[in-house]
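Understanding the architecture of this molecule
Residues per chain, in single letters:
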Amino acid sequence: MKKVALVTGSSRGIGAAIAEILAENGWSVCINYIEREDKAEELAEKLRSKGCEVMTYRCDVADADGVKAMVREVEKRLGYVTLLVNNAGIAKQQQFQDITADVWKRVFEVNLGGCFNCTQAVMPNMLHEHAGCIINISSIWGSHGASCEVTYSSTKHAIIGLTRSLAAELAPTGIRVNCVAPGVIDTDMVQVLGQETLDMLARESIPLGRLGTPREIAESVLYLAGATYTTGQVLGVDGGFII
Ligand code: NDP
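The model shown is predicted, which means the values in this text are computed figures rather than measured ones.

What to know about the side chain of Gln-94
Tracing the backbone shows Gln-94 in the loop between strand 4 (83–86) and helix 4 (101–111). When neighbours within four sequence positions are excluded, Gln-94 is seen to be in contact with Ile-99, Val-103, Cys-148 and Glu-149.

Here it is in structure tokens:
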């Protein structure tokens, strides 16, 4: 069966590294984004120049109809999705009392709702084929609490619950569902913390003494994509942050 991957939120950061490593390893890849068409096209061009088959598609993963249209387009242009990486995510650091209902709703709609929408959209063919792989990107804050990260951490805990429960439900069908829980990874998302805080985290909280790279998360996704006897697992890739 043709290897076709949909990687949500893959114009930048961790998603871009995942799209790249999959394309380099023979997957046809859809690069999904919401705003940064320039970054998505730049990555697509780079991968096409290496002979990879890729497409780009703008779609808010929180929009269920938009996601269905995206999956139909991927099926038309690349083939049925055999690997879904639910990577798109947003974060907002604030104290609990300052979280508005709109922020709470939006972060859940993107981080968790995106997993729901995309998984439902690719599932009919996976069920038909009795095969397929879904990899969700959670976080170290998906198993541990973090001050000023209540909304984000709640969505990431839920993604781990979704992964384990769906893996149990789908195992008899041959579809595997796993999760990667990154630590602090050097992308745009963490820049809001400021260099001083990032240096302090590396020094005091990360036993390996440095931030992770997007490529190091991508390597774990590639591993799980091929780990045919592994389902329902959460793979921590965090430099020892959580031991
Ligand atoms: P970035 O902020 O660097 O990139 C986010 C990506 O998601 C971009 O490609 C962005 O598209 C896309 N995106 C955002 N919202 C949507 C949406 N509604 N629909 C579709 N695409 C969207 O994030 P990271 O690469 O750092 O994070 C990727 C994932 O890894 C997230 O789920 C995050 O929670 C998780 N993670 C990150 C950690 C870190 O330290 N960086 C640690 C633990 C987990 P566009 O370019 O168009 O804006």
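Some thoughts on the nonpolar core
By size, the foremost hydrophobic cluster in this structure holds 33 residues, and its most contacted members are Ile-18, Leu-22, Val-29, Ile-31 and Leu-83. If you list the elements that add at least two residues to this core, you get strand 1 (4–7), helix 1 (13–24), strand 2 (28–33), helix 2 (37–49), strand 4, strand 5 (132–137) and helix 8 (214–226). Considering each element in turn, this core owes the most residues, 8 residues, to helix 1. Discounting chain neighbours no more than four positions away, the residues touching Leu-22 are Ala-5, Val-7, Trp-27, Val-29, Leu-83, Val-85 and Leu-222. Membership of the second largest hydrophobic core comes to 26 residues, among which are Val-110, Cys-118, Val-122 and Ala-167.

A few points about the pattern of salt bridges
Inspection of the entire model under this criterion finds 15 salt bridges. With a closest N to O distance of 2.7 Å, Asp-188 and Arg-12 form a salt bridge. Residue Asp-188 is located in the loop between strand 6 (175–182) and helix 7 (195–204), and its partner Arg-12 is located in the loop between strand 1 and helix 1; the two are separated by 176 residues in the primary sequence. In this structure Asp-188 comes out as partly exposed when scored by relative accessible area, which is 48%.

Description of the pairing of strand 2
In terms of burial, strand 2 is largely enclosed, as 6 of its 6 residues are buried. On strand 2, burial covers both faces: Ser-28, Cys-30 and Asn-32 on one face and Val-29, Ile-31 and Tyr-33 on the other are all buried. As paired strands, strand 1 and strand 2 are joined by 4 bridges and run parallel to one another. Along strand 2, the bridge assignment pairs Ala-5 with Val-29. Handedness of the β-α-β unit built from strand 1, helix 1 and strand 2 comes out right-handed.

Considering helix 1
Its 12 residues give helix 1 an end-to-end C-alpha distance of 17 Å, which sits within 8% of 16 Å, the value for a rise of 1.5 Å per residue. Inspection of helix 1 places Ile-14, Gly-15, Ala-16, Ala-17, Ile-18, Ala-19, Glu-20, Ile-21, Leu-22 and Ala-23 among the buried residues, and these make up the whole buried set. Immediately beyond the C-terminal end of helix 1, within one or two residues, lies Gly-26, with a positive phi of roughly 95°.

With respect to the site of the ligand
In the vicinity of the ligand lie 33 residues, with Ser-11, Glu-35, Asn-87, Tyr-152 and Thr-187 positioned nearest. One of the backbone N or O atoms of Ile-185 is found 2.8 Å from an oxygen atom in the ligand. If the ligand stood free it would expose 900 Å²; the protein chains cover 95% of that surface. Structurally, the ligand is housed in the largest pocket. Within the residue set of the shell around the ligand, elements represented by two or more residues are helix 1, strand 2, helix 4 and helix 6 (150–170). Among the residues making up the shell around the ligand, the classes are represented as 15 nonpolar, 11 polar and 7 charged.

Observations regarding the sheet that holds strand 1
Taking strand neighbours across the sheet as the criterion, the 7 strands line up as 3-2-1-4-5-6-7 in an open arrangement whose pairing is parallel. In the strand order of this sheet, the two ends are held by strand 3 (54–58) and strand 7 (234–237), each with one partner. When the angles between neighbouring strand axes are averaged without regard to direction, this sheet yields 15°. Lying on the sheet, helix 2 is in contact with strand 2 and strand 3; it crosses strand 3 at an angle near 170°. On the sheet, helix 3 (residues 64–77) packs against strand 1, strand 2 and strand 3 and is oriented at approximately 160° with respect to strand 3.

Rules and cut-offs
- Residues numbered from 1 in each chain as written.
- Predicted model: local features only at pLDDT ≥ 70, side-chain atom pairs only at ≥ 80, totals over all residues.
- Heavy atoms only, no water.
- Helix = DSSP H or I, 4+ residues; strand = E, 2+ residues; numbered from the N terminus.
- Contact = heavy atoms within 4.5 Å.
- Core = buried A, V, L, I, M, F, W, Y, C linked by side-chain atoms within 4.5 Å.
- Buried < 20%, exposed > 50% of the residue type's maximum accessible area, 1.4 Å probe, protein only.
- Salt bridge = Lys/Arg side-chain N within 4 Å of Asp/Glu carboxyl O.
- Pairing = 2+ DSSP bridges.
- Right-handed = clockwise from strand over helix to strand, strands pointing away.
- Expected span 1.5 Å × (residues − 1).
- Near = heavy atom within 4 Å.
- Polar contact = N/O pair within 3.5 Å; in protein donor to acceptor, adjacent residues only side chain to side chain.
- Areas by Shrake-Rupley, 256 points an atom, 1.4 Å probe, with all protein chains shown as cover.
- 1 Å grid on protein atoms, 1.4 Å probe; cavity = no way out; pocket = protein on both sides within 12 Å on 5 of 7 lines; lining within 4 Å.
- Sits in = over half its atoms within 2 Å of the grid points.
- Nonpolar A, V, L, I, M, F, W, Y, C, P; charged D, E, K, R; others polar.
- Axes fitted to C-alpha atoms, helices over the stretch in contact; angles between N-to-C directions.

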